[in-house]
Amino acid sequence: MAETRMSDIPKVTQLQAAGILRANLQANVPTYICGPPGGGKTQIGGQVAEGLGWGWHTSDGLSDDVADMNGMPENTGAMKMALALCIENSKERAELAQEIRRSLAGDTGVCHWQKPGRMPTTPGPGVVWIDEIPQAGQRMQAAMMKVFEERRFGEHRLPEGWVPSGAGNRVGDRAGAGHVVTALMDRVTVLEMIFNHRAWVEHTETVPWFPPVIRAFAEFKPETISNFVPTQSVSATPRSWFRVARQLSWMPKALRLPAFGGNITEGYAIMFCAFLDTHERLPSTRDLLANCETFTLMTEPSLCWAMTSALAEKAKDANLDELNRILVVARRLGSTFGFRLIRDVFAARREDMTRWTTQDVCAKAMGNPVTKVPAYFAFIDQHGEVFPKHEKN
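Note that the structure is predicted; figures quoted are calculated from it, not measured.

Asker: Explain the packing of aromatic side chains to me, please; I cannot follow it from the model alone.
Answerer: Aromatic ring pairs are described here by two measures, namely the spacing of the ring centres and the angle between the planes. On inspection of all chains with the given rule, the structure shows 16 aromatic pairs. Aromatic side chains Trp 209 and Phe 210 sit 6.2 Å apart centroid to centroid with 45 degrees between the ring planes, which places their arrangement in the tilted category. Judged by centre distance (5.7 Å) and plane angle (50 degrees), the ring pair of Phe 260 and Phe 272 falls under tilted. Of this pair, Phe 260 sits in helix H11 (residues 256-264) while Phe 272 is found in helix H12 (residues 266-280), placing the two residues 12 residues apart along the sequence. Residue classification places Phe 260 among the buried residues on the basis of a relative accessible area of 0%. Judged by its relative accessible area of 0%, Phe 272 is buried. Directly above the ring of Phe 220 sits Lys 221, whose terminal nitrogen or CZ lies 5.4 Å from the centroid. In this structure, Arg 332 is placed above the aromatic ring of Phe 295, and the distance from its NZ or CZ to the ring centre is 4.8 Å.

Here it is, written out as structure tokens:
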């Protein structure tokens, strides 16, 4: 079978992959997402299914066998005949042997395949997710073709509403992946998911329990989030950062460094723990907003990153007065960190900020004072030169 070339495959971010997968599932179109190990491919599949309220059923190209995909062969006629031969010499069971032989009348002896355990048995909607597709052999990939194209596991059709999709690593990642044959690729929408730290940060915002401090660190040190090294036992990947996110609220402070280091490497864990210490020294957002015009400005970059991230998180549910106070802080921070905070406030409250700024622009045009977000216009008056520069970037 021919093998595909990675250069032929469109490259997408995590958010784009999730959006395409969501639309494809609803359109009953299978999707295959390839990308670096730990990039969150399967996690995205599960989150999309959960967001749709769909079922989730998994299979694995590496550990599963062809029988897991096709089912085990079974010849009921031959099995019954063998049973009859075993017991026909037993006087007590002679009648049972005769009954078995009578049941064989008209049996064609054709071999059938049992329903595989990897196949869902209840109606959908749902996702049949096949992981590690490139690590499956060609016979296994041939069995997958029937799942993707005909919605069949062997001779058994998938229940109504289930859509197959899957994921795997690339050969160049040196993570045990082989080639996926083109005949299988021709049965799915193929996407190569590349890491984009900004898209990953936005993706984590859709996860309610994900700690904002990790998002802040990702903005501060984006190179630490996805750095898979095949020769290392531990690498920092989006998947390993999700493990750190789960550990964070439970791990005693004295154990953070070794615990996090076992997920993201010791070097990155040292950097993250130092950032955590900085973050924990910050005043509360309530105190920052109460004293937005008078608090002592911070100059250390890590403190500024941590503070702007905390305020951006607060902006999601802030009232109008609190938003103006956040924008006052942005003005005082200046063109670099202030612009970042303005950008994040707009991202968090785009509809509200667009409406309020439009109302204020109209008020200014009529010679009236601005009343909605005056702190935003104060920022523009003081640092307006940063907008063209950042828009070009």
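Asker: Help me understand the pairing of strand S9 (residues 162-168) in this model?
Answerer: The side chains of a regular strand alternate, first on one face of the sheet and then on the other. Extensive coverage of S9 is indicated by the burial of 7 of its 7 residues. The alternating pattern of S9 places Trp 162, Pro 164, Gly 166 and Gly 168 and Val 163, Ser 165 and Ala 167 on opposite faces, both of which are buried. Alignment of strand S2 (residues 31-34) against S9, held across 3 bridges, turns out to be parallel. Note that in S9 the partner of Tyr 32 across the bridge is Gly 166.

Asker: Explain the pattern of salt bridges to me, please; I cannot follow it from the model alone.
Answerer: For side chains of opposite charge, pairing can occur when their charged atoms come near one another. The tally for this structure, following the rule as stated, stands at 18 salt bridges. With a shortest N-O distance of 3.7 Å, Glu 280 and Lys 253 are connected by a salt bridge. With Glu 280 in helix H12 and Lys 253 in the loop between helix H10 (238-248) and H11, this residue pair connects regions lying 27 residues apart in the sequence. For Glu 280, a relative accessible area of 42% gives the class partly exposed. Taking the relative accessible area as the measure of exposure, Lys 253 reaches 54% and is therefore exposed. In this structure, Glu 322 and Lys 314 form a salt bridge, with 3.8 Å as the shortest nitrogen-oxygen distance. Residue class for Lys 314 comes out partly exposed when judged on its relative accessible area of 24%. If you follow the salt bridges from partner to partner, you end up with Arg 198, Glu 202, Glu 219, Arg 340, Arg 343 and Asp 344 in one network.

Asker: Just checking my understanding: could you explain the side chain of Ser 235 for this structure?
Answerer: By the secondary structure assignment, Ser 235 is in the loop between helix H9 (212-220) and H10. In this structure the side chain of Ser 235 is engaged in a polar contact, spanning 2.9 Å, whose partner is the backbone nitrogen of Val 229. With near-sequence residues (within four places) excluded, Ser 235 lies in contact with Asn 227, Phe 228, Val 229, Ser 240, Asn 263, Ile 264 and Thr 265.

Asker: Sorry if this is basic, but what is going on with the sheet that holds strand S1 (residues 11-12) here?
Answerer: Hydrogen bonds along the backbone pair up the strands of a sheet, which may run parallel or antiparallel. An order of S1-S10-S2-S9-S6-S3 is seen for the 6 strands of this open sheet, with the pairing classed as parallel. Only two strands of the sheet have a single partner each, and these edge strands are S1 and strand S3 (55-60).

Asker: I tried to follow the confidence of the model for the chain on my own but got confused; where do I start?
Answerer: Where the model shows low pLDDT, its predicted coordinates should not be examined in detail. Looking at the chain as a whole, its pLDDT mean stands at 80, while 80% of the residues score no less than 70. Between the elements of the chain, mean pLDDT differs from a low of 47, seen in helix H19 (residues 386-392), to a high of 95, seen in H11. Counting contacts from residues 389-393, a segment whose pLDDT is below 50, to residues more than four positions away or on other chains yields 2 contacts.

Asker: Explanation requested: helix H8 (residues 197-204) in the structure shown.
Answerer: In an α-helix, one turn spans 3.6 residues, which is why side chains three or four residues apart end up on the same side. Within the span of H8, buried status applies to Ala 199, Trp 200, Val 201, His 203 and Thr 204. Taken together, the buried residues of H8 touch helix H1 (14-26), helix H2 (41-52), H9 and H10. A side-chain oxygen of the first residue of H8 lies 3.1 Å from the backbone nitrogen of Arg 198; this N-cap is Asn 196.

Asker: Help me out: how do you make sense of the nonpolar core in this one?
Answerer: With 60 residues, the main nonpolar core has Trp 200, Ile 214, Trp 241, Phe 260, Met 307, Ile 326 and Leu 341 as its most contacted residues. Among the elements that take part in this core, helix H14 (residues 301-315) stands out by supplying 8 residues, more than any other. In this structure Met 307 touches Leu 282, Leu 288, Phe 295, Met 298, Val 329 and Leu 333, once residues within four positions along its chain are discounted. Among the nonpolar cores identified, the runner-up in size contains 22 residues, and Ile 130, Met 140, Phe 148 and Val 181 belong to it.

Asker: Just checking my understanding: could you explain the environment of Trp 200 for this structure?
Answerer: Here Trp 200 shows up in helix H8. You can call Trp 200 buried: its relative accessible area is 1%. Sequence spacing of Trp 200 and Pro 238 is 38 residues, and the spatial spacing of their C-alpha atoms is 8.1 Å. With residues near it in sequence (within four places) discarded, Trp 200 still touches Gln 14, Phe 195, Phe 210, Ile 214, Ala 218, Ile 225, Pro 238, Trp 241 and Phe 242.

Conventions and cut-offs
- Residues numbered from 1 in each chain as written.
- Predicted model: local features only at pLDDT ≥ 70, side-chain atom pairs only at ≥ 80, totals over all residues.
- Heavy atoms only, no water.
- Phe/Tyr/Trp six-rings, centres within 6.5 Å; stacked < 30°, edge-to-face > 60°.
- Helix = DSSP H or I, 4+ residues; strand = E, 2+ residues; numbered from the N terminus.
- Buried < 20%, exposed > 50% of the residue type's maximum accessible area, 1.4 Å probe, protein only.
- Lys NZ or Arg CZ within 6 Å of the ring centre and 35° of its normal.
- Pairing = 2+ DSSP bridges.
- Salt bridge = Lys/Arg side-chain N within 4 Å of Asp/Glu carboxyl O.
- Polar contact = N/O pair within 3.5 Å; in protein donor to acceptor, adjacent residues only side chain to side chain.
- Contact = heavy atoms within 4.5 Å.
- pLDDT = per-residue confidence, 0-100.
- Core = buried A, V, L, I, M, F, W, Y, C linked by side-chain atoms within 4.5 Å.

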